[in-house]
Amino acid sequence: MTFPGKIAIMGGGSWATALAKLVLDNCESIYWYMRRDDRIEEFRRLRHNPAYLTDAIFDVERIFFSSDINEICSKADTLLLAMPSPYFRSHLEKITVDLSDKYIVTAVKGIVPEVNEIVTDFMKREYGVPAERQLVIGGPCHAEEVALGRQSTLTVAGGDITLAETFARCLSGKAMRTVTSTDVDGIEYAAVLKNVYSIAAGIIHGLKYGDNFLAMLVCNAIREMERFIDTVAPCKRNICDSVYLGDLLVTSYSQFSRNHNFGAMIGKGYSVTAARMEMNQTAEGYYGTKCMHEINQRYGVEMPILQGVYSILYERGRPAKTMRQLGATFM
């Protein structure tokens, strides 16, 4: 089998749908795991995902759908994981197929809950998938803009740069530029932290603190991100690269950012519970905040923004007071 072989999309949300569109534009066919049979039937009939990115039309004759995760894992050589992190383990716990000889590409922008591991570490420990058979996809990209065919860039990272370059070609297109990296751990952690900082940006927006304050938050957030990932995954990197700073910027400012919108509701006075109930999609940063707070207890990196967001979401901290205190520390 020549990598990537038969590719399976694992997940039925907006990010999974956007990535499936890119892959299908470059491959003859794909496998696609979705949890719900009714969604699969609607997809076949309508030729688009009935719940997400409905403007993205697919040639469904080139897609093998199944709600049986083991059937998909058995048939595919490469699994592109694109489930929301809070539900990641519940999907994978159903797998009885040996995954150790599969290739894993993770587009999960979160920490695996309870065990507090990045996905590549979890897949290595729990399923025996070697690090050299794993890749990570990083932004900056919103699924909505990918589906609309707007100019975007994705980073594909892996310990084996040849594999990364090969899979990057599976995502490339007229509107999609791809670059490669070997910074797997740094990119995974950055993808989690930018969601945390996006919630903070949304809270500032909801409080109407203005663009000047938001700019200071983002400047300090990228420094905080750099301190953390330099500690846990030291290597030569440029924090201003698009996969770090660019992803932070788009998530903090964009109208498509679920985390920003979640934070904005809290800034406007919604309780955390009410804001979560109001969201139609998962705000990964809510879960990522708790996971990163617990992970950083092992490392002790100075992370006042992370701590401030954690205080608001999990300790009933007052948004206005917390943001004013943070502002006094900004440089």
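First, a word on scope: everything that follows refers to the structure included in this document. The structure displayed is predicted, hence computed values, not measured ones.

With that out of the way, let us pick up the overall build of the chain. Helix and strand content of the chain: 15 helices and 8 strands. The C-alpha radius of gyration computed for the chain amounts to 19 Å, which stays within 12% of the reference 20 Å derived for 331 residues, consistent with globular compactness. Buried residues in the chain amount to 57% of all 331 residues. Considering only residue pairs separated by 6 or more positions, the chain has 70% of its internal contacts joining residues 24 or more positions apart. Considering the chain, the positive charge centre built from 36 side chains and the negative charge centre built from 38 side chains are found 5 Å apart.

Of note, the amide linkage connecting F3 to P4 takes the cis form, showing an omega dihedral of 10°. Structurally, P4 can be placed in the segment before β1 (7-10). The phi dihedral of R47 is positive, around 70°, even though this residue is not glycine. Secondary-structure assignment places R47 in the loop between α2 (37-46) and β3 (63-66). You can call R47 partly exposed: its relative accessible area is 33%.

Taken as a whole and assessed by the stated rule, the structure comprises 12 salt bridges. Of the charged contacts in the structure, one is a salt bridge between R89 and E114, with a shortest N-O distance of 3.1 Å. Here R89 is found in helix α4 (residues 88-92), whereas its partner E114 is found in the loop between β5 (103-106) and α5 (119-127), with 25 residues between them in sequence. Residue E114 is classed as exposed on the basis of its relative accessible area, which comes to 74%. In this structure, the salt-bridge partner of R237 is D230, at a minimum N-O distance of 2.7 Å. Taking the relative accessible area as the measure of exposure, D230 reaches 34% and is therefore partly exposed. Taken together, the shared-partner salt bridges connect E117, R125 and E126 into one network.

Another point: the nonpolar core. Among the nonpolar cores identified, the biggest contains 54 residues, and M225, F228 and F262 are the most heavily contacted of them. If you list the elements that add at least two residues to this core, you get α8 (184-207), α9 (211-232), α10 (242-253), α11 (258-267), α12 (272-278), α13 (284-299), α14 (304-314) and α15 (319-327). It is α8 that provides the largest number of residues to this core, a total of 14 residues. With near-sequence residues (within four places) excluded, M225 lies in contact with A190, L193, K194, Y197, I239, Y244 and L248. Among the nonpolar cores identified, the runner-up in size contains 42 residues, and L24, L53, V60 and A164 belong to it.

An ideal rise of 1.5 Å per residue puts 32 Å on 22 residues; α9 measures up with 31 Å between its terminal C-alpha atoms. What α9 keeps buried is the set F213, L214, L217, V218, N220, A221, I222, E224, M225, F228, I229 and V232. Summarising the contacts, the buried residues of α9 are in contact with α8, α10, α13, α14 and α15.

Before going further, it helps to spend a moment on the packing of aromatic side chains. In this description, a pair of aromatic rings is defined by centroid distance and the angle of the planes. Enumeration according to the criterion identifies 18 aromatic pairs in this entry. Ring centres of F122 and Y127 lie 6.0 Å apart, and the angle between their planes is 70°; on these two criteria the pair is classed as edge-to-face. A single burial state applies to F122 and to Y127, both of which are buried. One Lys or Arg, K75, reaches over the ring of F64 and ends 5.4 Å from the middle of that ring. Above the face of the W15 ring, K109 is positioned so that its terminal group lies 4.6 Å from the ring centre.

Below, the discussion takes up the sheet that holds strand β8 (residues 176-181). Strand order in the open sheet formed by 8 strands is β3-β2-β1-β4-β5-β6-β7-β8, with mixed pairing between adjacent strands. In this open sheet, the two edge strands, each paired with only one partner strand, are β3 and β8. Averaged over all pairs of adjacent strands, the angle between strand axes in this sheet comes to 20°, irrespective of strand direction. In this sheet, strand β7 (residues 152-158) lies alongside strand β6 (residues 134-138) in antiparallel orientation, the contact comprising 4 bridges. Residue pairing across strands places G138 opposite T155, the latter belonging to β7. The sheet strands contacting helix α1 (residues 14-26) are β1, β2 (30-33), β3, β4 (78-81), β6, β7 and β8, and the helix crosses β2 at an angle near 170°.

Reading guide: rules and limits
- Per chain, residue numbering runs from 1 following the sequence as it is written.
- Local features in this predicted model are restricted to residues of pLDDT 70 or higher, and side-chain atom pairs are both shown and tallied only at a pLDDT of 80 or more, whereas totals for entire chains, interfaces and linings draw on every residue.
- Computation of side-chain values covers all heavy atoms of the structure but excludes hydrogens and water.
- We count a stretch as a helix when DSSP gives it H or I for four or more residues in a row; a strand needs E for two or more, and each element gets its number in order from the N terminus.
- Just to be clear, the radius of gyration here is over C-alpha atoms, and the globule rule we use is 2.2 Å times residues to the power 0.38.
- Buried means the residue's accessible area, taken with a 1.4 Å probe over protein chains only, is under 20% of the maximum for its type, while exposed means over 50%, and partly exposed covers the values in between.
- Working rule for contacts: check all heavy atoms of both residues, and any pair within 4.5 Å makes them a contact.
- This count recognises Lys and Arg as positive and Asp and Glu as negative, with His and chain-terminal groups excluded.
- One atom stands in for each charge, and that atom is NZ of Lys, CZ of Arg, CG of Asp or CD of Glu.
- Any carboxyl oxygen of Asp or Glu within 4 Å of a side-chain nitrogen of Lys or Arg constitutes a salt bridge here.
- Side-chain atoms within 4.5 Å are what join buried Ala, Val, Leu, Ile, Met, Phe, Trp, Tyr and Cys residues into a set we call a nonpolar core.
- Expected span, for any helix, means 1.5 Å times one less than how many residues it has.
- Pairing of aromatic rings covers Phe, Tyr and the six-membered ring of Trp, with a centre-to-centre limit of 6.5 Å; geometry is then stacked below 30 degrees between planes, edge-to-face above 60, and tilted otherwise.
- Charges are assigned to positions over rings by a cutoff of 6 Å between ring centre and Lys NZ or Arg CZ, combined with an angular limit of 35 degrees from the ring normal.
- Between any two strands, pairing holds if DSSP finds at least two bridges.
- Every angle, taken between N-to-C directions, lies between 0 and 180 degrees, and every axis is a line fitted to C-alpha atoms, over only the stretch in contact when it is a helix.

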